Amino acid sequence: MKVILQRVTEASVAIDQQIVGSIGLGFMLLVGIAPNDTEEDVKYVARKVAKMRIFDDEEGKMNLSLDQVGGQILSISQFTLFADTRKGNRPSFTDAASPDIGETYYQLFNRELQEVYGLDVETGRFGADMAVSLVNDGPVTIIVDSKDR
């Protein structure tokens, strides 16, 4: 499982020009699921995201977590994180989970963030063509990969 985490001051996602999710201060997540991911991978990444300390404290040091600043999450499914670009110029997506597995673990990931860590999570729609807008704060962008522990 891979997640691209961006610290944002605001973010939103639209489908057919209709906003379906939006947040203020927080994390915009691009969430990719691999075919061999397990519930353990989902729980590991959810914990890392929930506990990530990348907001400034009173001394300007990245030391505060999302819950400490009252931040929110916008979670977007993103199978293209597993694009294989080694051959030719057209990426292959065979390293991404099938839609049924991907959606199951994507939903589990979002529930974990909400129910276990008490975070406010907005989402797009799995498998939809979405337009994502965000203001990356910093910029701060971090990759969390369950296979790099």
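Everything below is about the structure printed above this text.
Everything quoted here is computed from the prediction, not taken from an experiment.

Peer 1: Can you tell me about the pattern of salt bridges, naming the residues and giving the values?
Peer 2: A complete count under the given rule lists six salt bridges for this structure. In this structure, the salt-bridge partner of glutamate 40 is arginine 149, at a minimum N-O distance of 3.2 Å. Residue glutamate 40 is found in helix H1 (residues 39-51), and its partner arginine 149 is found in the segment after strand E8 (131-145); the two are separated by 109 residues along the sequence. For glutamate 40, a relative accessible area of 55% corresponds to the exposed category. Since its relative accessible area comes to 53%, arginine 149 is described here as exposed. Note that aspartate 84 and arginine 86 form a salt bridge whose closest N and O atoms lie 2.6 Å from each other.

Peer 1: Before we move on, could you go through the pairing of strand E5 (residues 62-65) and cite the residues and values that matter?
Peer 2: Looking at chain direction, strand E4 (residues 53-56) and E5 are connected through three bridges and run antiparallel. When the sheet's bridge partners are listed, aspartate 56 is paired in E5 with methionine 62. The hairpin turn running from E4 into E5, its antiparallel successor, is five residues long, and glycine 60 in that turn takes a positive phi close to 80°.

Peer 1: Quick one: what's the story with the packing of aromatic side chains, residue by residue and with numbers?
Peer 2: Summed over all chains, the structure comprises three aromatic pairs. A centroid spacing of 5.4 Å and a plane angle of 15° characterise the contact between phenylalanine 27 and phenylalanine 55, whose relative ring orientation is stacked. One end of the pair, phenylalanine 27, is in strand E3 (residues 26-32); the other, phenylalanine 55, is in strand E4, with 28 residues separating them in the sequence. Neither residue differs from the other here; phenylalanine 27 and phenylalanine 55 are each classed as buried. Centre to centre, the rings of tyrosine 106 and phenylalanine 126 are 6.0 Å apart; their planes meet at 40°, and the pair counts as tilted. Of the two residues, tyrosine 106 is situated in helix H2 (residues 99-116) and phenylalanine 126 in the loop between strand E7 (120-123) and E8; the sequence distance between them amounts to 20 residues. A cation over a ring is seen here: arginine 149 above tyrosine 44, with NZ or CZ 4.2 Å from the ring centre.

Peer 1: Could you give an account of the environment of lysine 51, with specific residues and numbers?
Peer 2: Positionally, lysine 51 belongs in helix H1. A sequence separation of 50 residues divides lysine 51 from methionine 1, and the C-alpha atoms of the two residues are 17 Å apart. For lysine 51, the contacting residues outside a window of four places in its chain are Ser65 and Tyr117.

Peer 1: If you had to explain the side chain of arginine 7 to someone new, which residues and values would you point to?
Peer 2: Inspection of the secondary structure puts arginine 7 in strand E1 (residues 2-15). Exposure remark for arginine 7: the relative accessible area of 7% places this residue in the buried category. Polar contacts involving the side chain of arginine 7 include one to the main-chain carbonyl oxygen of isoleucine 54, which spans 2.5 Å. Contacts of arginine 7, omitting those with residues within four sequence positions, involve Gly26, Phe27, Ile54, Phe55, Asp56, Met62, Val135, Asn136, Asp137, Gly138 and Val140.

Peer 1: Could you give me a rundown of the environment of valine 3, with the residues and numbers involved?
Peer 2: Assignment of secondary structure puts valine 3 in strand E1. Sequence separation between valine 3 and aspartate 137 is 134 residues, and the spatial gap between their C-alpha atoms is 17 Å. Ignoring any residue separated from it by four or fewer positions in sequence, one finds valine 3 in contact with Leu29, Leu30, Val31, Val45, Val49, Phe109, Ile142, Ile143 and Val144.

Reading guide: rules and limits
- Residues numbered from 1 in each chain as written.
- Predicted model: local features only at pLDDT ≥ 70, side-chain atom pairs only at ≥ 80, totals over all residues.
- Heavy atoms only, no water.
- Salt bridge = Lys/Arg side-chain N within 4 Å of Asp/Glu carboxyl O.
- Helix = DSSP H or I, 4+ residues; strand = E, 2+ residues; numbered from the N terminus.
- Buried < 20%, exposed > 50% of the residue type's maximum accessible area, 1.4 Å probe, protein only.
- Pairing = 2+ DSSP bridges.
- Phe/Tyr/Trp six-rings, centres within 6.5 Å; stacked < 30°, edge-to-face > 60°.
- Lys NZ or Arg CZ within 6 Å of the ring centre and 35° of its normal.
- Contact = heavy atoms within 4.5 Å.
- Polar contact = N/O pair within 3.5 Å; in protein donor to acceptor, adjacent residues only side chain to side chain.

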